[in-house]
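Understanding the architecture of this molecule
Residues per chain are reported as follows:
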Amino acid sequence: MIQLVRGFKDILPPESSVWQYIENTAKQHFENFGFKEMRPPVLEQTELFKRSIGEHTDIVEKEMYTFAGSKDTMLTLRPEATASVVRAYIQHKLYAADPVCKFYTIGPMFRKERPQKGRYRQFHQINAEVFGVDSPYIDAQLVFMLMRFFERLSIGGLSAHLNSLGCPACRPAFRKDLAEMLAGHSDKLCEDCVRRLDKNPMRVLDCKVPSCREVVADAPSMLDYLCEDCALHFKAVQQILDKLEIAYEIDPGLVRGLDYYTRTAFEIQTEELGAQNAVAGGGRYDNLVEMLGGPAQPAIGFAVGVDRLVELVSAKFPAYDSGPQVFILPMGDQAMEMGAQFACLLADAGVITEADFSGRSLKALMRRADRMGAENVLIIGEQEISDNAALLRNMKTRHQQSIPMDRLVETIRAEFDG
RNA sequence: GUGAGUGUAGCUCAGUCGGCAGAGCACCAGGUUGUGGCCCUGGGGGUCAUGGGUUCAAGUCCCAUCACUCACCCCA
């Protein structure tokens, strides 16, 4: 038997209905905030991700699905969406149409990591990106939009975590001081953090090892190093969130893994997930558009992990298959032929219709209809054919009525309109 | 990539010391010639993950592979 690829997953009914619910809620909600859907391809030139995510990140170094395309270009299944959206924004000169562009995307991403709970090699994200606005107002609006989105999905125990990562003007000084301070205590750091010292010292800030935490407790905070512009920006984000009555925590340990982030970084966490508690994360990337060859345009975005949302939503509202409104039960060849016609005509008329052509006993058909949760059954047998009227039975009330065949579709449709 | 655990019917799982492959649920049929849920009776269903090894004999012991789960690394 051919099995599905490791780390990949089939989304079967009824679970798929939860996905539809989440995606539909996101579309409606984000469009209320002025976002339009963009659907970039899942495949891009490898170079795009190397330049945006950073050549020396784990994602690019060992977690991408990369293979040779035609000639000498390497292709990669996207590990995240932002790079593609930025690429499309630049390539189609979308900044020319209007200075402000707001997009959302929903779709699969691919990362070749070891699968574990809630982390597949094909995972799904809902992204939103805003280009052309450097106002802190938009930072706050994104956080607000996210919190409300999760509330719509009835996810509880939410908290917003905020930090500012500074900008190229102020971050280097912080990074240098931090690295020096940490290096002075390298004997107390865990193995991983010693390695992080040269690679990305800021990541030591969110290490969970107790001895590292002690060292970090005395570490300098980026917030003390922010230049005037960055400090004002961050202050403004907080003020707006206060006005919007969104609770948040300032978390100097919140560090984004990707190189392109600047200023505001945020993460939405829930208590309902255990160790992997982040359901969304994002931040500003004011330099990425230019880095990728576009005009200097500020930008900010976030990504929501859909796989985790599905778990949370399913735990609250278990998925189930809803049954047909009408289940047609024909008996005999002639009835079968009529049932087949009615099945098509009713469905086309907007009634959720199912039919059973197995030719088994009425008892067996009734049992199947009941199990499938049918609201009504339409019985067509010899008696009904000679009466020229089918029998419609409500499965809950057990009420039965005879419906003339020649007006059957209109009659049944009228029955459900009310 | 590293470490640990698991793999037996569609699902959840039992299987003792190595000795005929099991249960519950689900499915099918009958009890009721054309009326569902509850109940009763019966039935179908297995490459015991895969491949090799030890043994008179392997679901059970050993090795390898694969898959899943959890954790690590890393992380929107």
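What this report covers is the structure whose coordinates are included nearby. (Residues numbered from 1 in each chain as written. Chains lettered and ligands numbered in written order. Predicted model: local features only at pLDDT ≥ 70, side-chain atom pairs only at ≥ 80, totals over all residues.)

Looking at the sheet that holds strand β3 (residues 65-68)
Reading across the sheet, the three strands line up as β2-β4-β3 and stay open at both edges, with antiparallel pairing between neighbours. The open sheet is flanked by β2 (43-45) and β3, the only strands paired with a single partner. Going from strand to strand, the sheet's axes swing by 30° on average, the running direction of each strand aside. Pairing of β2 with strand β4 (residues 74-77), which is carried by three bridges, proceeds in the antiparallel orientation. Looking across to β4, one finds that Gln45 is bridged to Leu75. On the sheet, helix α2 (residues 46-53) packs against β2, β3 and β4 and is oriented at approximately 75° with respect to β2. (Pairing = 2+ DSSP bridges. Helix = DSSP H or I, 4+ residues; strand = E, 2+ residues; numbered from the N terminus. Axes fitted to C-alpha atoms, helices over the stretch in contact; angles between N-to-C directions. Contact = placed C-beta atoms within 7 Å.)

Things to note about helix α12 (residues 333-348)
Look at α12: 23 Å from first C-alpha to last across 16 residues, which is about the 22 Å you get at 1.5 Å a residue. Along α12, the residues classified as buried are Ala335, Gly339, Phe342, Ala343 and Leu346. Within α12, the buried residues cover an arc of 110° as seen down the axis, which keeps them to one side. More than 90 degrees from the buried face of α12, the exposed residues found are Asp333, Glu337, Cys344 and Asp348. Following α12 by one or two positions, Gly350 has its phi on the positive side, about 100°. (Expected span 1.5 Å × (residues − 1). Buried ≥ 20, exposed ≤ 12 C-beta atoms within 10 Å, placed from the backbone. Arc of directions from axis to C-beta.)

Some words on unusual backbone geometry
A cis amide bond links Pro13 to the next residue, Pro14, at an omega of 5°. Along the polypeptide, Pro14 turns up in the segment before α1 (15-32). Phi is positive for Asn388, which is not a glycine, with a value near 60°. Among the structural elements, Asn388 can be located in the loop between α14 (382-387) and β15 (389-394). By C-beta crowding, Asn388 is classed as exposed, having 10 other C-beta atoms within 10 Å.

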